[in-house]
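# Chain and residue survey
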Amino acid sequence: MKLLVAAMASELEAFPANLEGFDQLVTGEGKMQATYALTRALDAKPYDEVVVVGTAGGIDPDLDASVHEIGSALQHDVFDLDGIAGQHVSLPARVSTGRDGVLIATGDSFVGDAGITAVIRPSGAGLVDMETYAYIWVAEKFGVPIRAFRAISDRAEEGALVDFRAAIARCSVQLREVIRQEYGV
């Protein structure tokens, strides 16, 4: 059995309530809610794989507005004791799914400002979101393989929140098609 994970129910809108071979989990937005909900789910039942679907802001202008598999994640909103951005005092700077894919920058606030995007872009991240780092970290702690797919909902600059709200349904359809292609369900 696999666990299909999304932060918001709206990201699963295009998915059937019962998807063969998958349990579904909606965690809530942000790193804390993602960590808590996925930890509880993995502690309660063994899973063969965690499969994350959701939306992300595209900060690499060369990435098309489609679905991208995530290879690794960093936290863009943490600092170590020396004040180095992206370095947590006790967590790894990056976590990996073990697959090829895009680097995503995770933080606890919605990125909708060109100034913030400009600060994150030099990290090499192509996308921004609010949960992926936490999902990968938790899955790693439980020794469960993880894949993460993010559909670009906006460009993480001014007007992003309006774009995001309008794009959720489109993104859910795109994510559903990727799961159909990748898993045959």
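Residues numbered from 1 in each chain as written. Predicted model: local features only at pLDDT ≥ 70, side-chain atom pairs only at ≥ 80, totals over all residues. Heavy atoms only, no water.

A word on the packing of helix H1 (residues 31–44) against helix H3 (residues 132–142). At their nearest, the axes of H1 and H3 sit 9 Å apart, and the two run at 30° to each other. Our classification of the angle between H1 and H3 gives roughly parallel. As for the relative orientation of H1 and H3, their crossing is right-handed in sense. Judged by residue contacts, Lys 31, Ala 34, Thr 35, Leu 38, Thr 39, Leu 42 and Asp 43 of H1 engage Ala 134, Tyr 135, Trp 137, Val 138, Ala 139 and Phe 142 from H3. Within the contact of H1 with H3, the residues separate by chemical class into nine nonpolar, two polar and two charged. (Axes fitted to C-alpha atoms, helices over the stretch in contact; angles between N-to-C directions. Helix = DSSP H or I, 4+ residues; strand = E, 2+ residues; numbered from the N terminus. Parallel < 35°, antiparallel > 145°, perpendicular 65-115°, else oblique. Left-handed = near helix turned anticlockwise from the far one by under 90°. Contact = heavy atoms within 4.5 Å. Nonpolar A, V, L, I, M, F, W, Y, C, P; charged D, E, K, R; others polar.)

Turning to its location among the elements, Ser 66 is positioned in the loop between strand S3 (49–58) and strand S4 (67–75). Between the C-alpha atom of Ser 66 and that of Arg 150, which follows or precedes it by 84 residues, the distance is 8.3 Å. Look past the residues within four positions of Ser 66 in its chain and what remains in contact with it is Arg 150, Ala 151, Ile 152 and Gln 174.

Turning next to the packing of aromatic side chains. Applying the stated criterion to the full structure yields one aromatic pair. Between Phe 22 and Tyr 183, the aromatic rings sit 5.5 Å apart at their centres with planes inclined by 90°, giving edge-to-face as the arrangement. Note that Phe 22 is positioned in strand S2 (residues 22–26) and Tyr 183 in helix H4 (residues 160–183), a separation of 161 residues in sequence. Take Phe 22 and Tyr 183: they sit in the same class, and that class is buried. (Phe/Tyr/Trp six-rings, centres within 6.5 Å; stacked < 30°, edge-to-face > 60°. Buried < 20%, exposed > 50% of the residue type's maximum accessible area, 1.4 Å probe, protein only.)

Turning our eyes to something else, we now look at H1. Along its 14 residues, H1 runs 20 Å from first to last C-alpha, staying within 8% of the 20 Å computed at 1.5 Å per residue. Of the positions making up H1, those classed as buried are Lys 31, Ala 34, Ala 37, Leu 38, Ala 41 and Leu 42. For H1, the angular spread of buried residues about the axis comes to 145°, placing them on one side. For H1, the exposed residues set more than 90 degrees away from the buried face come down to Met 32, Tyr 36, Arg 40, Asp 43 and Ala 44. Buried-residue contacts for H1 involve strand S1 (2–6), S2, S3, S4, strand S6 (102–106) and H3. (Expected span 1.5 Å × (residues − 1). Arc of directions from axis to C-beta.)

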